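Structural description and commentary
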2 protein chains.
Amino acid sequence: MTTEAGHSKQRDPQDLAQRLRHSGLRNTRPRRYVLEVLAHEEQPLSSREIHSRMGEQACDLVTVYRCLADFERVGLVQRHEFGDGNARYELNDQSGHHRHYVVCRICQRKEAMDVCPPHWLEEKLRVRGYSDISHSMEFFAVCPHCRLQEERESARPQ
Amino acid sequence: MTTEAGHSKQRDPQDLAQRLRHSGLRNTRPRRYVLEVLAHEEQPLSSREIHSRMGEQACDLVTVYRCLADFERVGLVQRHEFGDGNARYELNDQSGHHRHYVVCRICQRKEAMDVCPPHWLEEKLRVRGYSDISHSMEFFAVCPHCRLQEERESARPQ
DNA sequence: ATGTATGCAAAGAGTTTGCAAATGG
DNA sequence: CCATTTGCAAACTCTTTGCATACAT
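Residues numbered from 1 in each chain as written. Chains lettered and ligands numbered in written order. Predicted model: local features only at pLDDT ≥ 70, side-chain atom pairs only at ≥ 80, totals over all residues. Heavy atoms only, no water.

The next subject is the overall build of chain A. Scanning chain A from terminus to terminus reveals six helices and six strands. Here chain A holds 158 residues, and the buried ones make up 46% of them. A sequence separation of at least 24 residues applies to 54% of the contacts in chain A between residues at least 6 apart. With an accessible surface of roughly 8600 Å², chain A has 47% of that area assigned to carbon and sulfur atoms. (Helix = DSSP H or I, 4+ residues; strand = E, 2+ residues; numbered from the N terminus. Buried < 20%, exposed > 50% of the residue type's maximum accessible area, 1.4 Å probe, protein only. Contact = heavy atoms within 4.5 Å. Areas by Shrake-Rupley, 256 points an atom, 1.4 Å probe, with all protein chains shown as cover.)

Moving on, we get to the interface of chain A and chain B. The partner chain B presents 34 residues to the 34 residues of chain A that form the contact. Taking both sides of the interface into account, the surface hidden between chain A and chain B amounts to around 3200 Å²; carbon and sulfur atoms contribute 61%. Summed over the shared surface of chain A and chain B, the number is four salt bridges. Note that Arg128 of chain B is salt-bridged to Glu111 of chain A, the shortest N-O span being 3.5 Å. Elements supplying a minimum of two residues to the side of chain A that touches chain B: strand 2 (77-81), strand 5 (110-113), helix 5 (119-127), strand 6 (131-142) and helix 6 (144-155) of chain A. Sort the elements by how many residues they give to the side of chain A that touches chain B and strand 6 of chain A lands first, with 12 residues. Partitioning the side of chain A that touches chain B into residue classes produces 17 nonpolar, seven polar and 10 charged. (Buried area = accessible area lost by both parts, 1.4 Å probe. Salt bridge = Lys/Arg side-chain N within 4 Å of Asp/Glu carboxyl O. Nonpolar A, V, L, I, M, F, W, Y, C, P; charged D, E, K, R; others polar.)

Looking now at the protein's contact with DNA strand C. Close to DNA strand C lie 19 residues, the nearest being Arg26, Arg31, Thr63 and Arg66 of chain A together with Tyr65 of chain B. At the protein interface, 66% of the atoms of DNA strand C within 4 Å belong to sugar or phosphate. Contributions of two or more residues to the surface near DNA strand C are made by helix 2 (29-39) and helix 4 (61-73) of chain A together with helix 4 (61-73) of chain B. For the surface near DNA strand C, the residue count by class is seven nonpolar, five polar and seven charged. (Near = heavy atom within 4 Å.)

Okay, the packing of helix 2 of chain A against helix 4 of chain A next. All names here are of chain A. Packing of helix 2 against helix 4 brings their axes to within 10 Å, and their N-to-C directions diverge by 75°. The orientation of helix 2 with respect to helix 4, classified from their angle, is roughly perpendicular. Here Pro30, Arg31, Val34, Leu35 and Leu38 of helix 2 lie close against helix 4, whose contacting residues are Thr63, Val64, Cys67, Leu68, Asp70 and Phe71. (Axes fitted to C-alpha atoms, helices over the stretch in contact; angles between N-to-C directions. Parallel < 35°, antiparallel > 145°, perpendicular 65-115°, else oblique.)

What follows is the structure, given as structure tokens:
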């Protein structure tokens, strides 16, 4: 179901630099830092989350925004909208695979689901004349851990 | 594929008032107006869009925000995130059905898709211990109309 | 050398909050 | 009559923009 520890993200810094060059983007320190943070995370992060993980004085928060916009444009990262008004980003692997997540309503943790989703739906759209098709899909739920916590608390009121 | 004109939304004002009462919300003028606007629309609307369709002086924009938050809480409306940083809302029908949309990358029009999506995925989550499960799913593409337009323009450069 | 990227400050936009006044049941 | 709801003003947060400076190639 999930790949909590099984990500095959690019953690090799050399490779990150290469992917930067291949994207036509200059290999700068802020960009390397943003990519490194993303490479070490199991779940999508917001600009602010990335910035604090970089060590505050690594670069300006604005630069993180600009890096992520560039990265998305060239396909280096995938943006997610989890409905809390914060865009979150994850590193794409080279194969172009993207992930979908289940977000816990309580603890907000994001867990990847290794399902490859509605391709036949995109096909239906293509037949109808749509082109350049993509999709977003996220799940929201109470995770097993938080559910237990809730049950304990309701069993022992106060 | 789509139900452009075939919506079975509640357009009967009397019924809208009933649904308000059944939700434990007071039947106020702003709330009735918001519901009426939603009942007459074929695609999800943002708070601002709803507000302008109400006739500006119907109520304050803030009230629209509060109405929609309440409506979502009691299940009267469904919120969508189309990735432009504006939450959009559509009226739910009583059966609890919700829709998914394809958003045109050019003209931004939203067209409903009458597909009922990944229930088996929710089942997989349930088996893993997740509860209170819901999902979001949206498609993004260039619609047939805008694609034609693009082709014409590229065929006759300048 | 030159176009690209960054920092800083400030603006924009959507959404939320505080509180007194109005209103629904 | 009393809790709920609204209006108005202001705050908050995320994100974007302008422009001079610094940097990568």
